[in-house]
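Summary of the model geometry
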Amino acid sequence: MSFRVLVGLGSRRPSPLPKPSILSLILIHTRSALPPHRDKPTSWNTTHTFVRAHPLLSLLEDCESVSHLKQIQARMTVTGLVSDAFASSRLIAFCALSESRNLDYCAKILLNAENPNVFSWNVAIRGFSESESPWEAVVLYKRMLQDGGSRPDKYSFPLMLKVCALLQSSLMGFQVIGHVLRLGFGSDLFVHNAMIHMLVSCGDLVAARKLFDESSVRDLVSWNSLINGCARAGLAYEALRLYRDMEADRVRPDEVTMVGLVSSCAQLEDLSMGREFHRFIEVNGLNLTVPLGNALMDMYVKCGNLEAAQELFNNMVNKTVVSWTTMIGGYAKFGYLDVARQLLYEIPEKNVVPWNAMISGYVQAKHGKEALALFHEMQSSNIKPDVITVLGCLSACSQLGALDIGIWIHRYIEKHLISSNVALGTALVDMYAKCGNITKALQVFQEMPGRNSLTWTAIICGLAVHGHVHDALFCFEKMIDTGLMPDEITFIGVLSACCHGGLVEEGRKYFSQMSSRFHLCPNHKHYSCMVDLLGRSGLLEEAEDLINSMPIKADAVVWGALFFACRIHKNVVIGERAASKLLELDPHDSGNYILLASMYGEASMWEEAEKARKVMKERGVEKTPGCSSIEVNGIVCEFTVRDNLHPHSKLVYDCLVMLTREIETVGSEPDIHTFRDIFLLGSEFG
């Protein structure tokens, strides 16, 4: 297909144009038709003499409302002045860009004008591009092409490319670029930079770099678009390499350049380089704009230097929501939750973003109750929650096992029409599974219109915890069949399912496939699952051999899995070796001493059992009381060992005694492996 047919220019043969190699890529995406070429496009500009000759036009300068404008328009219609392209463009400009803008009326004037010039089209397109309905600018652009009275100029294309970037529509952007090249505006610096910006905004960094490299016109704006585009895409090293090339090209950076570079340092958590750029900013007298100040604060927070971030924050004259949120998130990240919350209350304007940061901080610190309490406070403060808010609250419910609150949040989502997406559906699946309602988790999973690997992982882990072994493995195979790739957390669910089902051969197979098929490196939790699986089946020697062959040093969780298995199978020899490693790795964990003494006692090795208790006492290790939580009527209650603070504690203990007697009657004991698996899955996926 020829170039003429692609852009729909009619039978006239196009004039020769320079054709860079990227042109072939552009033409593939070009579909819209351009207007026929006109030798003398309508001229809209004139001297001020015309305005002086028509006092009605000067009245537009003082126009304060659309009602006033309509009076002027009516008079212009009576006098025939409205038929003049320049005069009508003044009306259109007022409707498009003034403080009293009325874009609907702007479009009416434009589309009913006798001969609108390109300025009129451009100013209307700009008005819509800056509105809440930027796609209307595309409609006007197409109408201009169909109208044929005016054709786009060098001011039209930056506007349209900006709209394509805003809408992240690469297909539409390539169509506009095709028009740019056909009409010969590719060498215009502003148009060229707009093309690069559009490609970067749509995520096509390869095409943007190719266009940049092959162009003879580029300036600081061109470099900034690429550097910041790479930084936003997570390509920190590429952004820094571009900066070195820019230095070699002797282009002086500005504040916008520094935002991309500092953000790249934040991604890499490179405090040394971040400080180097900060010094460059100060030495060269660059303006510390609000975006640059926020980027520096974010860099220091991510690199662990809260003092430097706080100093920048204190010196900022104009703090934005981003500024406050950065500091709140920073303090919450490093455990200073009280300081973060105090900052939250000091924000002068109400905004959901910093509240979300505080809720996320509580969730990450495993303070689910505080996160949910903040959610209720947020509502009482008339701050409307969004998707991020409910995601944090669902994670808090998952931590606490607060099913009633989770159900309430689910209903809140449906009632307030919060936009449902894959992330929200995945959080609901995870919440229901961790709160004990696997049936509801499966229902939400089945009703989701789209699923990603995290969604499948959530249901696999949920099924594994609830003992639905074969269903979990079936879901794993189904996930692979859909073309999604599992990650490390997915395999924790798969291996845990094998543990619950005693599926040794399947466990060996999936553990081997992690590296051989899916190129994933097993970590401590995967080895712990395998040791647990082998240990449960009595294969203690194989489990110990697996630990000794690990490419990474085994931690307390791995040795603990072997130790628990040795106690169940009463293998004191291997158990002693595992216990020795545990006491070496974590000498202050009281549980290790207690279990070791218990293992000796069950083997009637009373002297060794007493020695274990004596060593614990000599080292000053005290038994740490456990803390549990339970939800009753939507209220989460926490309690510790021998806790009698609850008003119904006597009834609780009476019930506990009764349950203990029932366990003794059937000759069973609690399955400590089950609790360990729940802990692993909860801590990893939550």
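Residues numbered from 1 in each chain as written. Predicted model: local features only at pLDDT ≥ 70, side-chain atom pairs only at ≥ 80, totals over all residues. Heavy atoms only, no water.

The line we're drawing: UniProt positions are given in the numbering used here, feature names are shortened, and annotations may be inferred rather than shown by experiment.
Per an unreviewed UniProt entry, the recorded name for the protein is Tetratricopeptide-like helical domain containing protein, and the organism is Trema orientale. If you open the UniProt record of the protein and go to Sequence similarities (unreviewed entry), you find "Belongs to the PPR family. PCMP-H subfamily."

So, the overall build of the protein
What counts here: Only DSSP runs of H or I reaching four residues or more are called helices, and only runs of E reaching two or more are called strands; each is numbered from the N terminus. With a 1.4 Å probe rolled over the protein chains alone, any residue whose accessible area is under 20% of its type maximum counts as buried; one over 50% counts as exposed, and the rest are partly exposed. Two residues form a contact once any of their heavy atoms are found within 4.5 Å. Residue-level accessible areas treat just the shown protein chains as cover; the underlying method is Shrake-Rupley with a 1.4 Å probe.
Of regular secondary structure, the protein possesses 39 helices and two strands. The burial tally for the protein puts 47% of its 686 residues in the buried class. For the protein, long-range pairs separated by at least 24 residues make up 63% of all intrachain contacts whose partners lie at least 6 apart in sequence. For the protein, the accessible surface area stands at approximately 35,000 Å², while carbon and sulfur atoms represent 54% of it.

Observations regarding the pattern of salt bridges
Basically, it comes down to this: Salt bridge criterion: a side-chain nitrogen from Lys or Arg within 4 Å of a carboxyl oxygen from Asp or Glu.
Within the structure shown, the criterion is met by 19 salt bridges. Across the pair D249 and R218 runs a salt bridge, and its minimum N-O distance is 3.7 Å. Here D249, found in the loop between α15 (236-248) and α16 (255-268), pairs with R218, found in the loop between α13 (205-213) and α14 (220-232); they are 31 residues apart in sequence, far enough to count as distant. Two residues, R341 and E377, come together in a salt bridge whose shortest N-O distance is 2.7 Å. Taken together, the residues R341 in helix α21 (residues 337-346) and E377 in helix α23 (residues 368-380) connect sequence positions 36 residues apart. Take E377: its relative accessible area is 24%, and that puts it in the partly exposed class. Residues joined in a network through salt bridges with shared partners are R209, D213, E238, R241 and D245.

Brief notes about the UniProt feature "repeat: PPR" (unreviewed entry) in the protein
The feature "repeat: PPR" (unreviewed entry), as given by UniProt, occupies residues 117-151, 219-253, 289-323, 351-385, 452-486, 487-517 and 589-623 in the numbering adopted here. Taken end to end, residues 117-151 is 71% helix and 0% strand, and its two terminal C-alpha atoms sit 9 Å from one another. With 74% helix and 0% strand, residues 289-323 has end C-alpha atoms that lie 12 Å from one another.

Side note on the side chain of T490
Structurally, T490 is set in helix α30 (residues 488-501). Classification of T490 as buried rests on a relative accessible area of 0%. The contacts of T490, once residues within four sequence positions are left out, are T457, I460, F476 and M479.

Examining the packing of α23 against helix α25 (residues 403-415)
For clarity, the threshold we go by: Only C-alpha atoms enter the line fits that serve as axes; for helices the fit covers just the stretch in contact. Angles between N-to-C directions range over 0 to 180 degrees. Take the far helix as your reference; a near helix turned counterclockwise from it by less than a right angle gives a left-handed crossing, and one turned clockwise gives a right-handed crossing. Residues are sorted three ways: Asp, Glu, Lys and Arg are charged, Ala, Val, Leu, Ile, Met, Phe, Trp, Tyr, Cys and Pro are nonpolar, and all the rest, Gly among them, are polar.
Close contact between α23 and α25 brings their axes to 13 Å; oriented N to C, the two are set at 35°. α23 and α25 meet at a crossing whose hand is left-handed. From α23, L372, F375, H376 and Q379 reach across to α25, where they touch I405, W408, I409 and Y412. Each residue belonging to the contact of α23 with α25 can be placed in one class, and the counts come to six nonpolar, two polar and no charged.

Digging into helix α11 (residues 170-183)
As a reminder, the rule being used: For a helix, the expected span equals 1.5 Å multiplied by the number of residues minus one.
Over its 14 residues, α11 extends 20 Å from the first C-alpha to the last, a length consistent with the 20 Å expected when each residue adds 1.5 Å. At the C-terminal side of α11, G184 shows a positive phi close to 80°.

Focus: the environment of Q168
Checked against the element boundaries, Q168 lands in the loop between α10 (156-167) and α11. By relative accessible area, which is 57% here, Q168 ends up exposed. Residues Q168 and G203, spaced 35 residues apart in sequence, show a C-alpha to C-alpha distance of 8.3 Å.

Considerations on a nonpolar patch on the surface
Defined as follows: Two distance rules govern patches: like charges are joined within 9 Å, and nonpolar side chains (Val, Leu, Ile, Met, Phe, Trp, Tyr) within 5 Å, applied only to residues with over 30% relative accessible area and no salt bridge.
Together, W135, L166 and L167 make up a nonpolar patch on the protein surface, roughly 300 Å² of accessible area in all. For L166, the position within the fold is in helix α10.

Quick notes on the state of the cysteines
Counted only if it meets this: Note that a disulfide, as used here, is simply two cysteine sulfur atoms within 2.5 Å.
Across all of its chains, the model carries zero disulfides by this definition. Free cysteine C164: the closest other cysteine sulfur is in C202, separated by 7.1 Å. C164 sits in the buried class, given a relative accessible area of 0%. In this structure C393 is not part of a disulfide, and its nearest cysteine sulfur, from C397, lies 6.9 Å away.

Focus: helix α35 (residues 572-585)
Rules: Side-chain atoms alone can form a polar contact between residues adjacent in sequence; in general such a contact is a pair of N or O atoms within 3.5 Å, and within protein one must be able to donate a hydrogen while the other accepts it.
Over its 14 residues, α35 runs 19 Å from end to end, which matches the ideal 20 Å to within 8%, given 1.5 Å per residue. Taken as a whole, α35 has its buried residues at V572, I574, G575, A578, A579, L582 and L583. Lining the buried residues of α35 we find α33 (540-548), α34 (556-568) and α36 (590-602). Near the N-terminus of α35, the side chain that reaches the backbone nitrogen of V573, with its oxygen 3.4 Å away, is that of N571.

A short note on the nonpolar core
Stated formally: In plain words, nonpolar cores are sets of buried Ala, Val, Leu, Ile, Met, Phe, Trp, Tyr and Cys residues tied together by side-chain atoms within 4.5 Å.
Core analysis: the largest hydrophobic core is formed by 203 residues, its most contacted members being F277, I409 and L562. Top contributing element to this core by residue count: α34, with eight residues. For L562, the contacting residues outside a window of four places in its chain are V531, L540, A543, E544, I547, I574 and A578.

Observations regarding unusual backbone geometry
Glycine aside, the phi torsion of most residues is negative, and most peptide linkages are trans. Despite not being glycine, R250 has its phi angle at roughly 60°, a positive value. Topologically, R250 is positioned in the loop between α15 and α16. Taking the relative accessible area as the measure of exposure, R250 reaches 81% and is therefore exposed.

A few points about the side chain of T326
Here T326 lies in helix α20 (residues 321-333). In this structure T326 comes out as buried when scored by relative accessible area, which is 13%.

Things to note about the confidence of the model for the protein
Applied cut-off: What pLDDT reports is the predictor's confidence in each residue, on a scale of 0 through 100.
In this model, the protein carries an average pLDDT of 84, and 84% of its residues clear a pLDDT of 70 or more. Every residue in residues 1-48 is under pLDDT 50, and counting partners more than four places away or in other chains gives 75 contacts. Taken as a whole, residues 670-686 scores under 50 in pLDDT and shows 46 contacts with residues more than four places along the chain or in a different chain.

Re the packing of aromatic side chains
Heads up, the condition is: Note on ring pairs: Phe, Tyr and Trp rings are taken, using the six-membered ring of Trp, and paired if centres are within 6.5 Å. Classes follow the plane angle, with under 30 degrees stacked, over 60 edge-to-face and the rest tilted.
Under the definition given, this model contains 16 aromatic pairs. Summarising the aromatic geometry, the rings of Y345 and W355 are spaced 6.5 Å apart at their centres and angled 65° between planes, so their arrangement reads as edge-to-face. Remark: W355 occurs in helix α22 (residues 352-364) and Y345 occurs in helix α21; sequence separation between them is 10 residues. Overall, Y345 belongs to the partly exposed group, its relative accessible area being 41%. Look at W355 and you get buried, because its relative accessible area is 7%. Ring plane angle 55° and centroid distance 5.7 Å describe the contact between F491 and F518, whose orientation is recorded as tilted.

Focus on the packing of helix α32 (residues 524-536) against α34
Our working definition: Any angle that falls under 35 degrees is termed roughly parallel, while one over 145 is termed roughly antiparallel, one within 65 to 115 roughly perpendicular, and all others oblique.
Relative orientation of the contacting elements α32 and α34 amounts to 10°, with a least axis distance of 8 Å. On the basis of their axis angle, the class for α32 and α34 is roughly parallel. In contact with H524, Y527, S528, V531, D532, G535 and R536 of α32, α34 contributes V557, V558, A561, L562 and A565. Across the contact of α32 with α34, the residue classes tally to seven nonpolar, three polar and two charged.

Some points on the environment of A266
By the secondary structure assignment, A266 is in helix α16. For A266, a relative accessible area of 3% translates into the label buried. Through-space distance from the C-alpha of A266 to that of K302 is 5.9 Å; in sequence the pair is 36 residues apart. Excluding anything up to four places from it in sequence, A266 contacts D298, M299 and K302.

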